[in-house]
Amino acid sequence: MIGIYIAALVLGYLLGSIPFGLILTRLAGTQDLRSIGSGNIGATNVLRTGRKGLAAATLIGDMLKGTVAVVIAGYYGGANAAMLAALGAFLGHLFPVWLKFNGGKGVATYIGVLIGLFWPAALVFCLIWLATAVTTRYSSLSALVAAFVTPLFLWWFGHPALASLFVVLTLLLFWKHTENINRLRAGT
């Protein structure tokens, strides 16, 4: 099983490291995404290009790479392999080898791996994100609140192993949002 677990982690990492935002904006002929707005490769920064369709495609691509990694690994290696693929996909998005380990903040990939592992938690994440976004008008705050609730939801519904995994993913997501958190605290 060790070989399957390593393969699941590597598969997840390689799929997760596909920088859809960068690829799609280059194909569309826009300037380098890393020189716009936050310099991030995710859907929120793609939206800053004014290309809503590209932003939506980036969001879907970043979600699906996590979902696909989990589904493939789960099919061939079971639940533990699926969780390792989820971890790999998330780490691949945050630290892609192709971009000198400087990737995105992980929200879409977080949702994607949730879809693959326990879709009701992904639905709860999206509903909390939406409610917080409508109330506060801050996308990053919405993601942080939804991510904070996710491990609690997983634990409450009897998935302690998934809850533990998502504690780790949530801490990484918070770490990648450090600048956003500082700006939220400063009111800027």
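Look up a bit, the structure's there.
Residues numbered from 1 in each chain as written. Predicted model: local features only at pLDDT ≥ 70, side-chain atom pairs only at ≥ 80, totals over all residues. Heavy atoms only, no water.

Asks: Hey, could you go over helix α7 (residues 160-176) for me, with residue numbers and the actual values?
Replies: For α7, spanning 17 residues, the distance from its first C-alpha to its last is 24 Å, which sits close to the expected 24 Å at 1.5 Å a residue. Within the span of α7, buried status applies to Leu162, Ala163, Leu165, Phe166, Leu169, Thr170, Leu172, Leu173 and Lys176. (Helix = DSSP H or I, 4+ residues; strand = E, 2+ residues; numbered from the N terminus. Expected span 1.5 Å × (residues − 1). Buried < 20%, exposed > 50% of the residue type's maximum accessible area, 1.4 Å probe, protein only.)

Asks: Which residues make up the packing of helix α5 (residues 107-136) against α7, and what values do they have?
Replies: The contact between α5 and α7 brings their axes to 11 Å, and the two run at 175°. Comparing the axis directions of α5 and α7 gives the class roughly antiparallel. Where α5 approaches α7, its residues Val107, Tyr110, Val113, Leu114, Leu117 and Phe118 are matched on the opposing element by Leu162, Leu165, Phe166, Leu169, Thr170 and Leu173. Considered class by class, the residues forming the contact of α5 with α7 number 11 nonpolar, 1 polar and no charged. (Axes fitted to C-alpha atoms, helices over the stretch in contact; angles between N-to-C directions. Parallel < 35°, antiparallel > 145°, perpendicular 65-115°, else oblique. Contact = heavy atoms within 4.5 Å. Nonpolar A, V, L, I, M, F, W, Y, C, P; charged D, E, K, R; others polar.)

Asks: For a nonpolar patch on the surface, give the residues involved together with the corresponding values.
Replies: A cluster of nonpolar side chains, namely Ile2, Ile6, Val10, Leu14, Val97, Trp98 and Phe101, defines an oily patch on the protein surface of about 710 Å² accessible area. Mapped onto the elements of the fold, Leu14 is located in helix α1 (residues 2-16). Overall, the relative accessible area of 41% leaves Leu14 in the partly exposed class. (Patch = residues over 30% accessible without salt bridge, like charges linked within 9 Å, V, L, I, M, F, W, Y side chains within 5 Å. Areas by Shrake-Rupley, 256 points an atom, 1.4 Å probe, with all protein chains shown as cover. Salt bridge = Lys/Arg side-chain N within 4 Å of Asp/Glu carboxyl O.)

Asks: Run through the packing of helix α4 (residues 52-94) against α7, naming residues and quoting values.
Replies: Following both chains from N to C, one finds α4 and α7 inclined at 5°, their axes separated by 11 Å at the closest point. Between α4 and α7, the interaxial angle falls into the category roughly parallel. Contacts from Met83, Ala86, Leu87, Phe90, Leu91 and Leu94 in α4 reach Ala161, Leu162, Leu165, Leu169, Leu172, Leu173 and Lys176 in α7. The class makeup of the residues in the contact of α4 with α7 is 12 nonpolar, no polar and 1 charged.

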